[in-house]
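Residue-level listing of the chains:
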Amino acid sequence: MKNHLLTAAASLALLAGMATAEEVRVYNWSDYIDEDLLTKFQEETGINLIYDVFDSNEVLETKMLAGGSGYDVVVPSGTFLQRQITAGAFQKLDMSKLPNIENMWDVVEKRTEQYDPDNAYSINYMWGTTGLGVNVGKVKEVLGDDAPLNSLSLVFDPANMEKLAECGVHFLDAPAEMIPAALKYIGEDPNSHDPDVIAKAEGVFAPVRPYIQKFHSSEYINALANGNICVAVGWSGDILQARDRADEAGNDVEIVYNAPVEGAQMWFDQMAIPVDAPNPDGAHKFLNFIMDAENMAAASNYVYYANGNKASQEYLLEDVIGDPAIYPDEATLENLFTTTPYDARVQRVVTRLWTKIKSGT
Amino acid sequence: MRRLVLIAVPYLWLLALFLIPFLIVLKISLSDTALAIPPYTPTLDLGAGWAGVKAFFTGLDFENFWFLTTDELYWKAYLSSLQIALLSTIMTLMVGYPIAYGMAQARDEWRPTLMLLVILPFWTSFLIRVYAWMGILSREGLLNQFLLWTGVTNEPLTILNTDTAVYIGIVYTYLPFMVLPIYAALEKLDESLLEAAEDLGCSRASAFWLVTVPLSKSGIIAGCFLVFIPALGEFVIPSLLGGSQTLMIGKVLWEEFFNNRDWPVASAVAVILLLILIIPIILFQRNEQKQREAEG
């Protein structure tokens, strides 16, 4: 929150100071960049940077489909990017303005091609996995020393959840992440688009629903860090940020992130330029700035997410590049799965199921 | 001529700020979804001339309204919103009436100060005030700390993310809308009527029920509508203070719009919400008119 306020204050101050200067408007996920990079960009280019944040792909997508969002750079995740490209929401990147594109990592590019063929519309910003954030001390206190800290059974087995309820469990409010995880848990194809298979997810959530305190996609960072909850299903880097905030607070809360052994969803956040961006030229400058090896490394070192930038790896801190929770080893990488976007009819089934899971109606 | 202009102004106002936006929403509710910008079809293509207009109208149908009847989610959400709006209106009245009565009974020199105290919270952003309630009601919040300290409870109460928190939020937020019209009605009350009632053998309590309450009826009605109408479509309070199980039509609308990207169904939900609201709005108008006539 403090960071947001600072950003907001900085943006306002700059707005007041250079109302006529060239500006670039960036719309990125919350808690997702080292704020120093924003100042650095303004100093290097003289472009006034306006930086806003969101915490759900749905909000971003609605702005994109309504058109006229006024943003020059936005950061949708892979499946959402693919759908918005189809809708004609983005413009093709002008590679001649992006010399730093050579820094990108082919391992990631190969995977993002399934959403954005030839990576013509987007560059990878960060990628990560969806898994379990665990307050080790509290969970062991409740479930004993042999608690399954790295298995989906921690959150999908009612026997575990009944006990965990007393210390608090949050789930992501993101059906496109939670339903594949539930399907994976019961051995179905997590990327299934078959409504009958998707419906089976309800059977996973129904018995544990009474023990879930909240469905939310950003509150769990602070809730985990200050010990208000003991388990969260969340995004890898967010949980690692919670770990660091707990360390800083010195409140004896030990948080770990585990990608479930059953398999974890791998996702990619891609930077793209809306088709109606007011300043596409400035947007390219921002993308090129982000793809600079040292800048990208600074961002990853700050937010604890892996990036798709090969050249940045030599500047990464050891506790980032060396942490298998961030840069998984080969064996874990094998075990990760990706999903593809639902069409409108299946999306309705998924949303309806999610409402039913959350509200019981 | 002047008369005509005077009549035309409110109608033009209504046309620009209500009817045109409503027709746009109604039009979207009759469309179909599309993966495009904007995400629905048909859009009016005036470049194609008459054929474009014709294609536009043949593309519209009532399918989305039919769809709303096929899933119990929608009527359950409408009913649950009605219930929450109704109960919170009654609670706001029970809290607001004594406040307004106290203000009206206070000495003249005190009244501007009391009035200021009711209005003052408005000077802070509504959102910040709702966030403050999150801090008060959470498990580690001020309320629980106070209750634990006084020993009223041994375990912190779970209030945040429940329906109780939604009621507290709505009553708190809309309280001034209830207090001000009732105060306006009570302030005009002629004291001699109460004296006459007591002279005729009425006790103070029955004089209150037989004289004060009926004479403040117009204020009560106005206050109730001013609370009920916005509370029915409330979105911010249930999404910040309510839990995942709090079912309100505002949240359903959000999901249609954002999660399903289905603007047509979202618009159909909004059109029906408006139709439900039209009845209380008309009743409210009639009450206002009656009151104006009574005042001559």
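As recorded by an unreviewed UniProt entry, chain B carries the name ABC transporter permease subunit and is attributed to Aquicoccus porphyridii. The UniProt entry for chain B carries the following text under Subcellular location (unreviewed entry): "Cell membrane".

Going by an unreviewed UniProt entry, chain A carries the name Putrescine-binding periplasmic protein and comes from Aquicoccus porphyridii. Annotation of chain A in UniProt includes, under Sequence similarities (unreviewed entry), the sentence "Belongs to the bacterial solute-binding protein PotD/PotF family."

Engineer: Is there a simple way to explain the overall build of chain A in this structure?
Structural biologist: Per the secondary structure count, chain A includes 17 helices and 11 strands. Dimensions of chain A, computed from the C-alpha atoms along their principal axes, are close to 60 × 50 × 40 Å.

Engineer: What should I look at first to understand the overall build of chain B in this one?
Structural biologist: Along its length, chain B carries 14 helices and 2 strands. In terms of C-alpha radius of gyration, chain B reaches 24 Å, well past the compact-globule figure of 19 Å for 296 residues. Oriented by its inertia axes, the alpha-carbon framework of chain B measures out at about 80 × 70 × 35 Å. Each of the 296 residues in chain B was classed as buried or not, and the buried ones make up 29%. Counting contacts in chain B only where the partners sit at least 6 residues apart, residues at least 24 apart contribute 71% of the total.

Engineer: Please clarify how the UniProt feature "transmembrane region" (unreviewed entry) in chain B should be interpreted in this entry.
Structural biologist: All names here are of chain B. Under the feature "transmembrane region" (unreviewed entry), the UniProt entry names residues 12-30, 77-101, 113-134, 165-186, 207-232 and 263-284. What you have in residues 77-101 is 100% helix and 0% strand, and the ends, taken at the C-alpha atoms, are 35 Å apart. When the span residues 165-186 is considered, its composition is 100% helix and 0% strand, and the gap between its end C-alpha atoms is 31 Å.

Engineer: Explain the nonpolar core to me, please; I cannot follow it from the model alone.
Structural biologist: Nonpolar side chains in soluble globular proteins tend to be buried together. Formed by 108 residues in total, the largest nonpolar core has its most connected members in Val73, Val155, Ala182, Leu224 and Val231 of chain A. Of all the elements, helix 9 (residues 175-185) of chain A adds the most residues to this core, at 7 residues. Counting residues domain by domain, this core receives three or more from each of domain 1 (2-127 + 268-328) and domain 2 (129-265 + 338-359) of chain A. With near-sequence residues (within four places) excluded, Val73 of chain A lies in contact with Val24, Val26, Met271, Ile273, Ala283, Phe286 and Leu287 of chain A. Counting 49 residues, the second largest nonpolar core, distinct from the first, contains Ala77, Ile237, Leu247 and Val265 of chain B.

Engineer: What is the right way to read the UniProt feature "domain: ABC transmembrane type-1" (unreviewed entry) in chain B from this model?
Structural biologist: According to UniProt, the positions carrying the feature "domain: ABC transmembrane type-1" (unreviewed entry) are residues 78-284 of chain B. The straight-line gap between the two end C-alpha atoms of residues 78-284 of chain B is 21 Å; of that span, 77% is helix and 0% is strand.

Engineer: Could you clarify how one ought to interpret the domain arrangement of chain A in this entry?
Structural biologist: Many descriptions give the size of an interface as the accessible area lost when the pieces come together. All names here are of chain A. Split into domains, chain A comes out as domain 1 (2-127 + 268-328) and domain 2 (129-265 + 338-359). If you average the C-alpha positions of domain 1 and of domain 2, the two centres end up 27 Å apart. When grouped by side-chain class, the residues that make up the side of domain 1 that touches domain 2 number 6 nonpolar, 5 polar and 4 charged.

Engineer: Sorry if this is basic, but what is going on with the packing of helix 8 (residues 163-187) of chain B against helix 11 (residues 217-232) of chain B here?
Structural biologist: Each pair of packed helices can be described by the angle between their axes along with the distance between the axes. Residue and element names in this part refer to chain B. For the pair helix 8 and helix 11, interaxial distance at closest approach is 7 Å and the crossing angle is 160 degrees. When the axis of helix 8 is compared with that of helix 11, the two are roughly antiparallel. Like other packed secondary-structure pairs, helix 8 and helix 11 cross with a definite hand, here right-handed. Here Ile170, Tyr174, Phe177, Met178, Pro181, Ile182, Ala184, Ala185 and Leu186 of helix 8 come into contact with helix 11, specifically with Ser218, Gly219, Ile220, Ala222, Gly223, Leu226, Val227 and Ala231. When the residues that make up the contact of helix 8 with helix 11 are grouped by side-chain class, the tally is 14 nonpolar, 3 polar and no charged.

Engineer: Where do I start with the interface of chain A and chain B in this structure?
Structural biologist: At the interface, 24 residues of chain A touch 21 residues of chain B. At the level of secondary structure, the elements contributing two or more residues to the side of chain A that touches chain B comprise helix 3 (57-66), helix 4 (78-86), strand 6 (214-215) and helix 17 (344-359) of chain A. The greatest single-element share of the side of chain A that touches chain B, amounting to 7 residues, is contributed by helix 17 of chain A. For the side of chain A that touches chain B, the residue count by class is 7 nonpolar, 11 polar and 6 charged.

Engineer: How should I be thinking about helix 10 (residues 195-205) of chain A in this particular structure?
Structural biologist: Every α-helix winds through 3.6 residues per turn, so residues three or four apart in the chain are directed the same way. All names here are of chain A. Along helix 10, the positions that sit buried rather than exposed are Ile198, Ala201, Val204 and Phe205. For helix 10, the angular spread of the buried residues around the axis is 90 degrees, confining them to a single face. Among the exposed residues of helix 10, those oriented more than 90 degrees off its buried face are Asp196 and Gly203.

Engineer: What am I meant to see in the packing of helix 9 of chain A against helix 10 of chain A here?
Structural biologist: Residues and elements named next belong to chain A. Relative orientation of the contacting elements helix 9 and helix 10 amounts to 85 degrees, with a least axis distance of 9 Å. Taken together, helix 9 and helix 10 sit at an angle that is classed as roughly perpendicular. Along the contact surface, helix 9 presents Ile179, Ala182, Leu183 and Tyr185, while helix 10 presents Val197, Ile198, Lys200, Ala201, Val204 and Phe205. When the residues that make up the contact of helix 9 with helix 10 are grouped by side-chain class, the tally is 9 nonpolar, no polar and 1 charged.

Engineer: Any chance you could explain the confidence of the model for chain A here in plain terms?
Structural biologist: Caution is warranted with low-pLDDT regions, since their predicted coordinates should not be read in detail. Per-residue pLDDT for chain A has a mean of 91; in total, 94% of the residues score no lower than 70. Confidence drops under a pLDDT of 50 for residues 13-19 of chain A, and excluding neighbours within four residues, the segment shows 2 contacts in the predicted structure.

Engineer: Explanation requested: helix 11 of chain B in the structure shown.
Structural biologist: All names here are of chain B. Compared with the 22 Å implied by 1.5 Å per residue over 16 residues, the 22 Å span of helix 11 between its first and last C-alpha is a close match. Of all the 16 residues making up helix 11, 12 are buried; the element is thus mostly covered by neighbouring parts of the structure. Of all the residues in helix 11, the buried ones are Ser218, Gly219, Ile220, Ile221, Ala222, Gly223, Cys224, Phe225, Val227, Phe228, Ala231 and Leu232. Considering only its buried residues, helix 11 is in contact with helix 4 (72-105), helix 8 and helix 14 (263-295).

Conventions we followed
- Residues numbered from 1 in each chain as written.
- Chains lettered and ligands numbered in written order.
- Predicted model: local features only at pLDDT ≥ 70, side-chain atom pairs only at ≥ 80, totals over all residues.
- UniProt positions renumbered as here; feature names shortened; annotations may be inferred.
- Helix = DSSP H or I, 4+ residues; strand = E, 2+ residues; numbered from the N terminus.
- Rg over C-alpha atoms; globule rule 2.2 N^0.38 Å.
- Buried ≥ 20, exposed ≤ 12 C-beta atoms within 10 Å, placed from the backbone.
- Contact = placed C-beta atoms within 7 Å.
- Core = buried A, V, L, I, M, F, W, Y, C linked by C-beta atoms within 7 Å.
- Domains from an automatic or database assignment.
- Nonpolar A, V, L, I, M, F, W, Y, C, P; charged D, E, K, R; others polar.
- Axes fitted to C-alpha atoms, helices over the stretch in contact; angles between N-to-C directions.
- Parallel < 35°, antiparallel > 145°, perpendicular 65-115°, else oblique.
- Left-handed = near helix turned anticlockwise from the far one by under 90°.
- Arc of directions from axis to C-beta.
- pLDDT = per-residue confidence, 0-100.
- Expected span 1.5 Å × (residues − 1).

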